[in-house]
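# Analysis of the macromolecular model
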Amino acid sequence: MKLSDRVALHPASEADIDTAGTPEEIIGVIKTLGRDAVADRLAYLYDIVEEDPDEPPMDIDSLRAMALFLISERELPDPQIGVNPDGLVQTQWRVPSGGLLAMEFLPMGLIRFAAVSEPATPGVERQRFSGALPKAETLDAVQPFTASL
């Protein structure tokens, strides 16, 4: 049975993400807190690992950090989500003007991010930002991008 079929719906809070002991529990909390599309995508990625042992397992601390980020930043739309070869959860948003914002949630609590503005036009250079910072500082650094999502 796929994880998306096993996720039990029960009242949940952000604190449940902190105390969750398995990826399944974190994904269940995400779903009950209203991020259904995010939970469904994570359940799909989790199921891939279960079916193919060559796929990297999701790092639970990375998953937890991403979950806490998305639950606390509800004004952000649902991102595209993937898992890198090290098992770290990554998110990506296309900025309507043609730019891109990507984040990778590191197990030690930092967010590695990269953002690029729309393609350069005559007289306007393409802006690029990147780094690895705590959540609040990451949000400050990428604010010009998140404001247009």
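Residues numbered from 1 in each chain as written. Predicted model: local features only at pLDDT ≥ 70, side-chain atom pairs only at ≥ 80, totals over all residues. Heavy atoms only, no water.

A few words on the sheet that holds strand β5 (residues 128–133). Read across the open sheet, the five strands follow the order β1-β2-β3-β4-β5; overall the sheet is antiparallel. The open sheet has two edge strands, β1 (80–83) and β5, and neither has a second partner. Between one strand axis and the next, the sheet turns through 15° on average, direction left out of account. Where strand β3 (residues 100–105) meets strand β4 (residues 111–116), six bridges bridge the pair, whose relative direction is antiparallel. Within β4, the position partnered with Phe 105 by the bridge is Ile 111. (Pairing = 2+ DSSP bridges. Helix = DSSP H or I, 4+ residues; strand = E, 2+ residues; numbered from the N terminus. Axes fitted to C-alpha atoms, helices over the stretch in contact; angles between N-to-C directions.)

In this section: the side chain of Thr 138. Residue placement: Thr 138 occurs in helix α6 (residues 135–141). When sequence neighbours within four positions are dropped, the list of residues in contact with Thr 138 reads Met 103, Ile 111, Phe 113 and Leu 133. (Contact = heavy atoms within 4.5 Å.)

With that settled, the discussion passes to the packing of aromatic side chains. Under the definition given, this model contains two aromatic pairs. Here Phe 69 and Phe 105 contribute two aromatic rings whose centre-to-centre distance is 5.5 Å and whose plane-to-plane angle is 55°, an arrangement assigned as tilted. Here the residue Phe 69 occupies a position in helix α5 (residues 60–72), and Phe 105 occupies one in strand β3, the gap between them amounting to 36 residues. By the burial criterion, Phe 69 is buried, and Phe 105 matches it. Taken together, a centroid distance of 5.7 Å and an interplanar angle of 80° make the contact between Phe 129 and Phe 145 edge-to-face. (Phe/Tyr/Trp six-rings, centres within 6.5 Å; stacked < 30°, edge-to-face > 60°. Buried < 20%, exposed > 50% of the residue type's maximum accessible area, 1.4 Å probe, protein only.)

Secondary-structure assignment places Leu 76 in the loop between α5 and β1. Taking relative accessible area as the criterion, Leu 76 reaches 4% and is therefore assigned buried. In contact with Leu 76, not counting residues within four places along its chain, are Arg 35, Phe 69, Trp 93, Thr 146 and Leu 149.

Our focus in this paragraph is the nonpolar core. Residues Ile 30, Leu 42, Leu 63, Met 66, Phe 69 and Met 103 are the most contacted members of the largest nonpolar core, which totals 34 residues. Those elements that provide at least two residues to this core are α3 (23–32), α4 (36–51), α5, β2 (89–94), β3 and β4. Ignoring sequence-local partners within four residues, the contact set of Met 66 consists of Ile 30, Val 38, Leu 42, Val 89, Thr 91 and Phe 105. (Core = buried A, V, L, I, M, F, W, Y, C linked by side-chain atoms within 4.5 Å.)

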